[in-house]
Amino acid sequence: NIIINTLVKTTLAQPFNNIEILAMKSINITIMKVIRFLSRFIPTMLVGITILYLSLSHVTSPYNVPNIQNLDKIVHFTMYMGLVSVFCFDVYRSSWLSRYDGSILLSGWILAVLWGGLMELFQKYFTEYRTADWFDFLANTVGAFAGILIGVFIIRPLIRRYKKTNKRQNAPIL
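All of the points below concern the structure found in this document. (Residues numbered from 1 in each chain as written. Predicted model: local features only at pLDDT ≥ 70, side-chain atom pairs only at ≥ 80, totals over all residues. Heavy atoms only, no water.)

1. Observations concerning the nonpolar core
(1) Moving on: One finds Cys88, Val91, Tyr92 and Leu105 to be the most contacted residues of the largest nonpolar core, which totals 20 residues.
(2) Moving on: Broken down by secondary-structure element, the contributors of at least two residues to this core are α3 (71–93), α5 (101–126) and α6 (134–165).
(3) Moving on: Take this core: its biggest share by element is eight residues, from α3.
(4) Moving on: With residues up to four places along the chain from it excluded, the contact list for cysteine 88 reads Leu105, Gly147, Ile148, Gly151 and Ile155. (Core = buried A, V, L, I, M, F, W, Y, C linked by side-chain atoms within 4.5 Å. Buried < 20%, exposed > 50% of the residue type's maximum accessible area, 1.4 Å probe, protein only. Helix = DSSP H or I, 4+ residues; strand = E, 2+ residues; numbered from the N terminus. Contact = heavy atoms within 4.5 Å.)

2. Some points on the pattern of salt bridges
Pairs may arise between side chains of opposite charge once their charged atoms sit close together.
(1) Moving on: Enumeration over the complete set of coordinates arrives at four salt bridges.
(2) Moving on: For lysine 73, the salt bridge is made with aspartate 72, and the minimal N-O distance between the two is 2.9 Å.
(3) Moving on: Taking the shortest distance from any N to any O, the salt bridge between arginine 93 and aspartate 90 comes out at 3.3 Å. Taken together, the residues arginine 93 and aspartate 90, both in helix α3 and three residues apart, mark about one turn of the helix. Across this residue pair, the class does not change: arginine 93 and aspartate 90 are buried.
(4) Moving on: Within this structure, Asp72, Lys73, Asp133 and Asp136 form a network of salt bridges that share partners. (Salt bridge = Lys/Arg side-chain N within 4 Å of Asp/Glu carboxyl O.)

3. A few points about the packing of aromatic side chains
(1) Moving on: Throughout the structure, instances matching the rule amount to four aromatic pairs.
(2) Moving on: Taken together, the ring pairs connect Phe37, Phe41 and Phe87 into an aromatic cluster. (Phe/Tyr/Trp six-rings, centres within 6.5 Å; stacked < 30°, edge-to-face > 60°.)

4. Points about unusual backbone geometry
A negative phi holds for most residues other than glycine; trans holds for most peptide bonds.
(1) Moving on: Even without a glycine there, the phi angle at asparagine 70 is positive, about 65 degrees.
(2) Moving on: Position of asparagine 70 relative to the elements: it lies in the loop between α2 (42–56) and α3.

The values are spatial; any link to function lies outside them.
The following block contains the structure:
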């Protein structure tokens, strides 16, 4: 009786264990795909983290910076232009991502604009030494758009030329 119960339990439990194993394998594969996808954007993430630090830290310049009107808007423009330019580089250096470059670039621009808005809100609500400014957000947005233009008209042709000339050597781009 005990042997029969044990056989029935193990026989019935076996398919569930196989299903659990398959589910765990598919979850692991999905996690690995996400990690692989995100690893292509490490330079972009580093620039985003740098922007986070610069946006929320209490930075004082050790140099005597001349008092130029709207200098901070130029800095915001430049940071987000750099962020999206690096994002474009990450997209175009990956062969399979560059096939969907229009939708991915639009997504990257939207994420950069949202990141800029989030930084402004963080400055307003989580710091005492920073203030949110809609013109900073506008500078972020315009800078992100300039980054798309740099990506499409400068970075993409350069990477395509590089891939074309180095196709025989199978040289990776960074």
